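Chain by chain, the residues run as shown.
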Amino acid sequence: MAKTARPAPLPAEPVDADRVLAFINTLSSRPTAAPVEHLDSYEALVAWAREQHLVSAAAAERLAGEARKHPHQAAAVLARAKDFREALNGLAAAIDTERQPSADVLKTIGECLASAYANGRLVPHEGALQWVASAEDDLERVLWEIGRAAGRLVVSPRLARVRACAASDCGWWFVDDTKNRSRRWCDMTLCGNREKLRRFRSKGSK
Ligand SMILES: [Zn+2]
């Protein structure tokens, strides 16, 4: 019997797109004149990483302690984290509008990913391998953790489904998992209803 070539089934995706998009969303209300910065200190960056389960509670505490000892270094890491975030935002915006990302965006993302893997090592994990940070308490570790998460997303077909919320004052990024790619809001109750109401009112006032 002839063997028929069958496409391999898609693996369950170990791509934490949501986490990477949550990172970009730490600057919120992007389309407005007054975007809101949630990463206003290295401590805020570590607290965010902790919430996202990128580092443990114990590691977050140790990193915050390191930051108090080395405030200039911590500030430099925060600045690099924001550069990385804005490059990821540039990538998401390019995908959403079907443009090629700029050379600068690709360069910044490439450098952050290279640094993330250069500062990682492989360990056995649940029958496979897992990247872990080579230095647990290095101030840069948060960058490496985000870098490896982003590294999985940028080479994944899931990247093509990244969209910006259509509400005029939101701009949050989300992954559109609908079959016909019709999702418009980061959250229907938060943004969808609010935007519909606003459009209804502005029609009424004309
Ligand atoms: Zn929204």
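Residues numbered from 1 in each chain as written. Predicted model: local features only at pLDDT ≥ 70, side-chain atom pairs only at ≥ 80, totals over all residues. Heavy atoms only, no water.

A.B. asks: Help me understand the overall build of the protein, please; the structure alone is not making it clear to me.
C.D. replies: Secondary structure assignment for the protein yields seven helices and six strands. Ordering the α and β elements of the protein from the N terminus gives α-β-β-α-α-α-α-β-β-α-β-β-α. Each principal axis of the C-alpha atoms in the protein carries an extent, and together these give about 65 × 60 × 35 Å. Sorting the 206 residues of the protein into buried and exposed places 40% on the buried side. Summed over all atoms, the accessible surface of the protein reaches about 12300 Å², with 57% contributed by carbon and sulfur. Computing the positive centroid from 31 side-chain charges and the negative centroid from 26, the protein places the two 8 Å apart. (Helix = DSSP H or I, 4+ residues; strand = E, 2+ residues; numbered from the N terminus. Buried < 20%, exposed > 50% of the residue type's maximum accessible area, 1.4 Å probe, protein only. Areas by Shrake-Rupley, 256 points an atom, 1.4 Å probe, with all protein chains shown as cover. Lys, Arg positive; Asp, Glu negative; His and termini not counted. Charge placed at Lys NZ, Arg CZ, Asp CG, Glu CD.)

A.B. asks: Just checking my understanding: could you explain the packing of helix H1 (residues 17–24) against helix H4 (residues 71–96) for this structure?
C.D. replies: Two quantities define a packed helix pair, namely the angle between the helix axes and the distance between the axes. Remark: H1 packs on H4, axes separated minimally by 9 Å, with the N-to-C direction vectors making an angle of 110°. Here H4 runs roughly perpendicular to H1, going by the angle between their axes. Here H1 and H4 pass one another in a crossing that is left-handed. Residues Val 20, Phe 23 and Ile 24 of H1 lie in contact with H4, whose contacting residues are Ala 81, Phe 84, Arg 85, Leu 88, Asn 89 and Ala 92. Here the contact of H1 with H4 is composed, by residue class, of seven nonpolar, one polar and one charged. (Axes fitted to C-alpha atoms, helices over the stretch in contact; angles between N-to-C directions. Parallel < 35°, antiparallel > 145°, perpendicular 65-115°, else oblique. Left-handed = near helix turned anticlockwise from the far one by under 90°. Contact = heavy atoms within 4.5 Å. Nonpolar A, V, L, I, M, F, W, Y, C, P; charged D, E, K, R; others polar.)

A.B. asks: I would appreciate a short explanation of the coordination of the zinc ion in the present structure.
C.D. replies: Each donor-metal-donor angle would ideally measure 109.5 degrees in four-coordinate tetrahedral geometry, or 90 or 180 degrees in six-coordinate octahedral geometry. Protein-derived ligands of the zinc ion are Cys 165 (SG), Cys 170 (SG), Cys 186 (SG) and Cys 191 (SG), with the metal-ligand distances lying across 2.3 to 2.4 Å. In this structure, the zinc ion is coordinated by four donor atoms arranged in tetrahedral fashion, with angles at the metal of 104 to 117°. Considered as a linear motif, the donors of the zinc ion on their single chain read C-x4-C-x15-C-x4-C. Taken together, the positions of Cys 165 in the loop between strand E5 (162–164) and strand E6 (173–175) and Cys 186 in the loop between E6 and helix H7 (188–204) put the pair 21 residues apart, joining distant regions of the chain. For the residue pair Cys 165 and Cys 186, the accessibility class agrees, reading buried in each case. (Donors = N, O, S within 2.8 Å, 3.2 Å for Na, K, Ca; no water. Tetrahedral: all angles 85-135°; square planar, octahedral: opposite > 155°, others 65-115°.)

A.B. asks: Can you walk me through H4 in this structure?
C.D. replies: Every α-helix winds through 3.6 residues per turn, so residues three or four apart in the chain are directed the same way. In a regular helix each residue adds 1.5 Å, so 26 residues correspond to 38 Å; H4 covers 37 Å between its end C-alpha atoms and thus fits that length. Looking at the residues trailing H4, positive phi occurs at Glu 98, about 55°. (Expected span 1.5 Å × (residues − 1).)

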